[in-house]
Protein chains: 2
Amino acid sequence: MVKRRLPRHVGFIPDGNRRWATDRGLAKQDGYAHGIEPGLRLSDQCMSLGIEEVTIYCFTKDNLKRPSAQQARFTEASVAFAHAIADRGAAVLVVGDERSAKFPRELLDYRERRGDGMKVNLLMNYGWEWDLDGLRGDGLRSKDVSRLDLIVRWGGGRRLSGFLPVQSVYADFYIREELWPDFEPDQFDAALTWFAQQDQTLGG
Amino acid sequence: MVKRRLPRHVGFIPDGNRRWATDRGLAKQDGYAHGIEPGLRLSDQCMSLGIEEVTIYCFTKDNLKRPSAQQARFTEASVAFAHAIADRGAAVLVVGDERSAKFPRELLDYRERRGDGMKVNLLMNYGWEWDLDGLRGDGLRSKDVSRLDLIVRWGGGRRLSGFLPVQSVYADFYIREELWPDFEPDQFDAALTWFAQQDQTLGG
């Protein structure tokens, strides 16, 4: 494999689970469970490449406007993913508003990072306003999440949707049209190839 | 013309002036002056479409790492643009750290918006950290700039480069490969056509 400049920290926005389900005649909420296995394959790919840190957009406070059947299923999928990735040796941190009942109780222990594998930050019940409100006190609520180099979004949307506004300020943004459950490793590989061709001036 | 859903507020990142100059055998700093006339044409286009508010990324605190010859010329171009757009009846607001000598003295009167034409916000000596630091006190320093619907960047870069992190949270992001001095109205027209096809769920 050709040696490329690798991002230190990559953010993933795995969008399109509901459209994927609808395309197959399934109920929208049935899509989320099909996002778990792709997430584990992508994480394995990151680990074997030696990427230091990844952040995955699991669900937000805004997503809680959705029907309760969807909420139940994206929460369930997020919890299952957290346990599975921790079992693979990742140093998991769950970032989100844990004062709300929508924060999964079974993940409270992950509010502090443990372990020394690849850092995996999972945003759950996250909100950009909640995050920035921390600046009125001790600092950003996501302060244990470092600056992002690259953000990859599936499902064709060309927006951040509130994803870590501070850590995203200088991130390169790469979009895939495929829906998230259709993830294949060559898609992330294309993102890395593209990333290696970008300059990093940081405004200078 | 076909009726399209129009963005209420559009952000512009007019990148590529230096590359444009280099491509023509000019000194890098000579590119900035060639960005003024395209900016006026784009603003005229926005006004005739009835867009309510636009924000233009003129220069940032990070840009002040560049050689002083470049700083002098991008400041000069930004000031000339501000006067020209005000003369066209725009309601101009200049947003940036005015406590620094890098903030153009001749634009101090534009720290408060005047007039009732199209709102035109010009970011000069702007910094995302400076902006967010306001949250420790009275609120965001760019609080008179509203939420963005669409951001258009020229010059091929796929990043925000610190552009209004709060107002950008749900903005759709459209990239043009052309360098900014090569702006033509059909480029923004393509952005608007694309924008009208995007859904706006705001996470719901």
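Just above, that's the structure.
Treat the numbers as computed from the prediction; the structure is a model and nothing was measured.

With that settled, the discussion passes to the packing of helix α2 (residues 36-49) of chain A against helix α5 (residues 185-196) of chain A. All names here are of chain A. With their axes 10 Å apart at the nearest point, α2 and α5 run at an angle of 45 degrees to one another. By the angle class used here, α2 and α5 are oblique. Seen from above, α2 lies across α5 with right-handed handedness. Facing α2, whose interface residues are Arg41, Leu42, Gln45, Cys46 and Leu49, α5 presents Pro185, Phe188, Asp189 and Leu192. By residue class, the composition of the contact of α2 with α5 is six nonpolar, one polar and two charged.

Here the focus is the sheet that holds strand β2 (residues 53-60) of chain B. Sheet strands pair via backbone hydrogen bonds, and the direction of the pair is either parallel or antiparallel. All names here are of chain B. Pairing in this open sheet of six strands is parallel, and the strands run β3-β4-β2-β1-β5-β6 from one edge to the other. Bordering the open sheet on either side are β3 (91-95) and β6 (172-175), each of which pairs with just one other strand. Averaged over all neighbouring strand pairs, the angle between strand axes comes to 20 degrees, with direction disregarded. Where helix α5 (residues 185-196) meets the sheet, its contacts fall on β1 (9-14), β5 (150-154) and β6, and the angle it forms with β5 comes to roughly 145 degrees.

Take the relation of the copies chain A and chain B next. Between chain A and chain B, which share one sequence, the superposing operator has a rotation angle of 180 degrees and an axial displacement of 0.0 Å; the RMSD is 0.0 Å. Seen this way, the second copy is the image of the first under a two-fold rotation axis. Closest approach to the rotation axis within chain A is made by the C-alpha atom of arginine 136 of chain A, at a distance of 2.3 Å. A shared binding surface is used by both copies, with 100% of the interface residues of chain A retained as interface residues in chain B.

Our next topic: the pairing of strand β1 (residues 9-14) of chain A. On a regular strand, one side chain projects to one face of the sheet and the next to the other, so that they alternate. Residues and elements named next belong to chain A. Within β1, six of the six residues are buried, leaving the element largely enclosed by the surrounding structure. Going residue by residue along β1, you find His9, Gly11 and Ile13 tucked away on one face and Val10, Phe12 and Pro14 tucked away on the opposite face as well. Here β1 runs beside strand β2 (residues 53-60); their pairing, made up of four bridges, is parallel. For glycine 11, the partnering residue across the bridge sits in β2 and is threonine 55. The pairing of β1 with strand β5 (residues 150-154) spans five bridges and is classified as parallel. Within the sheet, the bridge partner assigned to valine 10 lies in β5 and is leucine 150.

Conventions we followed
- Residues numbered from 1 in each chain as written.
- Chains lettered and ligands numbered in written order.
- Predicted model: local features only at pLDDT ≥ 70, side-chain atom pairs only at ≥ 80, totals over all residues.
- Heavy atoms only, no water.
- Axes fitted to C-alpha atoms, helices over the stretch in contact; angles between N-to-C directions.
- Helix = DSSP H or I, 4+ residues; strand = E, 2+ residues; numbered from the N terminus.
- Parallel < 35°, antiparallel > 145°, perpendicular 65-115°, else oblique.
- Left-handed = near helix turned anticlockwise from the far one by under 90°.
- Contact = heavy atoms within 4.5 Å.
- Nonpolar A, V, L, I, M, F, W, Y, C, P; charged D, E, K, R; others polar.
- Pairing = 2+ DSSP bridges.
- Least-squares fit on C-alpha atoms with pLDDT ≥ 70 in both.
- Buried < 20%, exposed > 50% of the residue type's maximum accessible area, 1.4 Å probe, protein only.

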